[in-house]
Amino acid sequence: MSDRPVLVTGGAGFIGSAVVRHLVARGTPVVNVDSLTYAGHRASVASVEDDPRYTFEHVDVRDAEEVRRLFGQYRPAAVVHLAAESHVDRSIDGPGAFVGTNVIGTYTLLEAARAYWTTLEAADRQAFRFVHVSTDEVYGALGDSGRFTETTAYDPRSPYSASKASADHFVRAWHHTYGLPTLVTNCSNNYGPYQYPEKLIPVVITKALAGEPIPVYGTGDNVRDWLYVEDHVRALCAVLEGGRPGETYAVGGSCERSNLEVVRSICAVLDERRPAGAPHSQLITFVGDRPGHDWRYAIDASKITSELGWRPRESFESGLAKTVDWYLQNESWCAAVTKRGEA
Ligand code: NAD
């Protein structure tokens, strides 16, 4: 890639911060654009804060004037767009913010990217990339068999997945209509360090450590396909560097687990690392199900594997052990972000 920076949106969030840390560590200049919602924390990128290749911009992606300024000022080689409202439960309680950031924010970025891209010299125009990071939830829910692929019809069921699906369509339209070199990735559930403790895995770890009831929706039988966050980051880099503009890449760990299996696995790791007298699984408490809770997601990632040579490095067991260890060593990060999120 050129010496121009990659503009990463949402780089103070869970996956975005992992993208930022990875790119800076390998020498790529990065401009991190984040409005620091409850889910965004500069502490998650503290390890690169003093690196001369790293710049933070406290900007909301819905702010068209500011977003235009960023393109003019930094003249990025590429955009990796992760800024989003990302929690399904919050989208059920308040869908407006999801339309605002996920749909209008994406449209705002696309328009600013397009205006900038048309001013580039031919070679830079050809090399420019806009990678839009999306989710497998746009495909709806599966029954007990089958897997999502890049050609599965969209069927979003929650306000979150509907807003992501809408954004995906805009991103593809900007490629087909204007030629902007966009790429879309649809990834399964991520887990790993720096995930805000409202999603399943960090909730279970933090509740178990506090000796509090571990809430499990419904019967705990819903199935998700889990991917360690650093494997997702490597997939995004593969798409950024080798993906074909206009294409979609489905990304997943081929690692299906029911929610209850996930919770039990975490409890077993904690029983070893932090024995509490009684098995942590005794804290499991079944609670009323999420409205419209999708039954099962699973991804067929064979396109990105065959075209770009990507495959996950972590198994669920190795990734989960790393994740639990990170939360055990970073209880102060958890306490600080939770306190800010509740303020
Ligand atoms: P996250 O909620 O942890 O982080 C989102 C980040 O975006 C935060 O830093 C937040 O401050 C920032 N942000 C929110 N609104 C903004 C705005 N208007 N302007 C600028 N910044 C804003 O989310 P995540 O889990 O890291 O997910 C990142 C992306 O990956 C999202 O687009 C999500 O849809 C997608 N994704 C997530 C998963 C997953 O399992 N977490 C799986 C597949 C795809």
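Our structure's up above, just so we're on the same page.
What counts, and at which threshold
Residues numbered from 1 in each chain as written. Predicted model: local features only at pLDDT ≥ 70, side-chain atom pairs only at ≥ 80, totals over all residues. Heavy atoms only, no water. Helix = DSSP H or I, 4+ residues; strand = E, 2+ residues; numbered from the N terminus. Rg over C-alpha atoms; globule rule 2.2 N^0.38 Å. Buried < 20%, exposed > 50% of the residue type's maximum accessible area, 1.4 Å probe, protein only. Contact = heavy atoms within 4.5 Å. Areas by Shrake-Rupley, 256 points an atom, 1.4 Å probe, with all protein chains shown as cover. Lys, Arg positive; Asp, Glu negative; His and termini not counted. Charge placed at Lys NZ, Arg CZ, Asp CG, Glu CD. Core = buried A, V, L, I, M, F, W, Y, C linked by side-chain atoms within 4.5 Å. Phe/Tyr/Trp six-rings, centres within 6.5 Å; stacked < 30°, edge-to-face > 60°. Lys NZ or Arg CZ within 6 Å of the ring centre and 35° of its normal.

Looking now at the overall build of the protein. Across its full length, the protein holds 12 helices and 12 strands. Taking 343 residues into account, the globule formula puts the C-alpha radius of gyration at 20 Å, and the protein, at 20 Å, falls close to it. With the C-alpha coordinates aligned to their principal axes, the bounding extent of the protein is approximately 65 × 45 × 40 Å. Per-residue burial for the protein yields a buried fraction of 55% across its 343 residues. In the protein, once contacts between residues fewer than 6 apart in sequence are set aside, the share between residues at least 24 apart is 79%. When the accessible area of the protein is evaluated, it comes to approximately 14,000 Å², of which 50% is carbon and sulfur surface. Where the 34 positive side-chain charges of the protein centre and where its 43 negative ones centre are 3 Å apart.

With that out of the way, let us pick up the side chain of Thr-108. Of note, Thr-108 is situated in helix H4 (residues 96-117). Judged by relative accessible area, Thr-108 falls into the buried class, the value being 8%. The contact partners of Thr-108, leaving out residues within four places of it in the chain, are Val-61, Arg-62, Asp-63, Ala-64 and Val-67.

We now examine the nonpolar core. If you look at the biggest cluster of nonpolar residues, it comprises 45 residues, and the most contacted ones within it are Val-8, Val-19, Val-20, Tyr-54, Leu-82 and Ile-304. Every element with two or more residues in this core is listed here: strand S1 (6-9), helix H1 (14-25), strand S3 (54-57), strand S4 (78-81), strand S5 (129-135), strand S6 (182-187), helix H8 (229-242) and strand S10 (248-251). In this structure Val-19 touches Val-8, Leu-82, Val-233 and Leu-236, once residues within four positions along its chain are discounted. Residues Val-263, Ile-284, Phe-316 and Val-324 belong to the second largest nonpolar core, which totals 30 residues.

As a further point, take the packing of aromatic side chains. This structure, assessed with the given rule, holds 18 aromatic pairs. Relative to Phe-128, the ring of Tyr-116 lies with its centre 5.8 Å away and its plane at 65°, an arrangement referred to as edge-to-face. Taken together, the positions of Tyr-116 in helix H4 and Phe-128 in the loop between helix H5 (122-127) and S5 put the pair 12 residues apart, joining distant regions of the chain. Across the pair, Phe-128 and Tyr-116 agree in class, each one buried. Judged by centre distance (4.9 Å) and plane angle (85°), the rings of Trp-326 and Tyr-327 are edge-to-face. When sorted by exposure, Trp-326 lands in the same class as Tyr-327, which is buried. Through a chain of ring-to-ring contacts, three or more aromatic side chains come together here, namely Tyr-107, Phe-170, Trp-174 and Tyr-178. The ring of Tyr-249 carries Lys-303 above its face, with NZ or CZ at 4.8 Å from the centroid.

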